[in-house]
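Here is how the chains run, residue by residue.
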Amino acid sequence: TITVALDELNAPIDGVIRAGALLGYLGVFLAGLSSAYMRELIGYFGRPFIKTHHLVSVTALSALVIHAVTVAWRAQSISTVLPVFSSLNAFFSLGGRPALWLLAVTSLTALFRAKLGKSWKTLHWLNYLAFFLGTGHAMLIGPNFQHIGVKVVAVVMAVVLLAVFIVRRSKRQPAKAGRNR
């Protein structure tokens, strides 16, 4: 057996599955977190925020696609990427499935943001929902997430992203005085 992350693996494909999941999960977190530190990232990397953000986002999505494809390959079924609605437990345990589709949609909104106008931002907020679905999926069935330390880190990451989402949403432009008079 091969030892990777926190547990032993039965086959090399298990390492690919876990690495894709963990790298993708971290990437989605960092992409969401980056929106709270745009100026700092521009200063640190010396390049436009959107280029850094998209590099992290594309890397995360690629890792999650590798995760999904290798799970489907191991199961010999493409149905492993389809959401399950048979029960709430099944939906959240397999929450990575709808999360992957949400990330695909939000990636397309980034590509077509000029055509979508300001509505692309609203659709792009689905990334946060995807992260929370992925967190549920990881905590319920992810082998590495069965360790208490990893669960604590995942909860902290989810709370941080929730705070970023709330702060970003609350910083909307206030209505101009006298506009409705």
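Residues numbered from 1 in each chain as written. Predicted model: local features only at pLDDT ≥ 70, side-chain atom pairs only at ≥ 80, totals over all residues. Heavy atoms only, no water.

Side note on the overall build of the chain
Here comes step 1: The helix and strand inventory of the chain stands at nine helices and two strands.
Here comes step 2: Going from the N terminus to the C terminus, the chain shows its helices and strands as β-β-α-α-α-α-α-α-α-α-α.
Here comes step 3: Along the first, second and third principal axes, the C-alpha set of the chain runs to 70 × 40 × 30 Å.
Here comes step 4: Out of the 181 residues belonging to the chain, those deemed buried represent 35%. (Helix = DSSP H or I, 4+ residues; strand = E, 2+ residues; numbered from the N terminus. Buried < 20%, exposed > 50% of the residue type's maximum accessible area, 1.4 Å probe, protein only.)

Details of the side chain of Asn 127
Here comes step 1: Here Asn 127 lies in helix α8 (residues 126-141).
Here comes step 2: Of the polar contacts made by the side chain of Asn 127, one reaches the backbone oxygen of His 124; its length is 2.9 Å.
Here comes step 3: Aside from chain neighbours lying at most four places away, what touches Asn 127 is Val 28, Leu 103 and Thr 106. (Polar contact = N/O pair within 3.5 Å; in protein donor to acceptor, adjacent residues only side chain to side chain. Contact = heavy atoms within 4.5 Å.)

Quick notes on unusual backbone geometry
Here comes step 1: Phi is positive for Gln 76, which is not a glycine, with a value near 55°.
Here comes step 2: Along the chain, Gln 76 falls in the loop between α3 (49-75) and α4 (88-93).

Looking at the pattern of salt bridges
Here comes step 1: Under the defined criterion, the tally for this structure stands at one salt bridge.
Here comes step 2: Salt-bridge contacts for Arg 74 lead to Asp 14; the nearest nitrogen and oxygen are separated by 2.6 Å. Of this pair, Arg 74 sits in helix α3 while Asp 14 sits in helix α1 (residues 12-34); the two residues are 60 residues apart in sequence, bridging distant segments of the chain.
Here comes step 3: Classification of Arg 74 as partly exposed rests on a relative accessible area of 47%.
Here comes step 4: For Asp 14, a relative accessible area of 14% translates into the label buried. (Salt bridge = Lys/Arg side-chain N within 4 Å of Asp/Glu carboxyl O.)

As for the packing of α8 against helix α9 (residues 148-170)
Here comes step 1: Two elements in contact, α8 and α9, have axes separated by 11 Å at closest approach and are oriented at 165°. Between α8 and α9, the interaxial angle falls into the category roughly antiparallel. In terms of crossing hand, the pair formed by α8 and α9 is left-handed. Residues Tyr 128, Phe 131, Phe 132, Thr 135 and Met 139 of α8 form the contact with α9, whose participating residues are Lys 151, Ala 154, Val 155, Met 157, Ala 158, Leu 161, Leu 162, Val 164 and Phe 165.
Here comes step 2: Partitioned by chemical class, the residues of the contact of α8 with α9 number 12 nonpolar, one polar and one charged. (Axes fitted to C-alpha atoms, helices over the stretch in contact; angles between N-to-C directions. Parallel < 35°, antiparallel > 145°, perpendicular 65-115°, else oblique. Left-handed = near helix turned anticlockwise from the far one by under 90°. Nonpolar A, V, L, I, M, F, W, Y, C, P; charged D, E, K, R; others polar.)

Digging into α8
Here comes step 1: Here α8 contains 16 residues, and its C-alpha end-to-end distance of 22 Å stays within 8% of the 22 Å for a straight helix at 1.5 Å per residue.
Here comes step 2: Along its buried surface, α8 packs onto α1, α4, α5 (96-111), α7 (119-124) and α9. (Expected span 1.5 Å × (residues − 1).)

Here's the deal with the nonpolar core
Here comes step 1: If you look at the biggest cluster of nonpolar residues, it comprises 25 residues, and the most contacted ones within it are Tyr 25, Val 28, Phe 29, Leu 103, Phe 131 and Leu 161.
Here comes step 2: Broken down by secondary-structure element, the contributors of at least two residues to this core are α1, α3, α5, α8 and α9.
Here comes step 3: Those residues in contact with Leu 161 that lie beyond four places of it in its chain are Phe 29, Gly 32, Leu 33, Tyr 128, Phe 131 and Phe 132. (Core = buried A, V, L, I, M, F, W, Y, C linked by side-chain atoms within 4.5 Å.)

Side note on the packing of aromatic side chains
Here comes step 1: One pass over the full model with this rule turns up nine aromatic pairs.
Here comes step 2: Taking the centre distance of 5.6 Å and the plane angle of 20° together, the rings of Phe 85 and Phe 91 count as stacked.
Here comes step 3: Residue Phe 91 is classed as buried on the basis of its relative accessible area, which comes to 18%.
Here comes step 4: Put simply, the rings of Tyr 25, Phe 29, Phe 131, Phe 132 and Phe 145 touch in pairs and so form one group of aromatic residues. (Phe/Tyr/Trp six-rings, centres within 6.5 Å; stacked < 30°, edge-to-face > 60°.)

What to know about a positive patch on the surface
Here comes step 1: A surface patch of like charges, here positive, comprises Arg 39, Lys 118, Lys 121, Arg 168 and Lys 171.
Here comes step 2: Among the structural elements, Lys 118 can be located in the loop between α6 (113-116) and α7. (Patch = residues over 30% accessible without salt bridge, like charges linked within 9 Å, V, L, I, M, F, W, Y side chains within 5 Å. Areas by Shrake-Rupley, 256 points an atom, 1.4 Å probe, with all protein chains shown as cover. Lys, Arg positive; Asp, Glu negative; His and termini not counted. Charge placed at Lys NZ, Arg CZ, Asp CG, Glu CD.)

Things to note about the confidence of the model for the chain
Here comes step 1: With 90% of its residues at a pLDDT of 70 or more, the chain has an overall mean of 89.
Here comes step 2: Ranking the elements of the chain by mean pLDDT puts strand β1 (residues 2-4) last, at 39, and α4 first, at 97.
Here comes step 3: Considering only residues more than four positions removed or in separate chains, one finds that residues 1-5, a stretch of pLDDT under 50, has 11 contacts.
Here comes step 4: Segment residues 176-181: pLDDT under 50, and zero contacts once partners within four positions in sequence are set aside and those in other chains are kept. (pLDDT = per-residue confidence, 0-100.)

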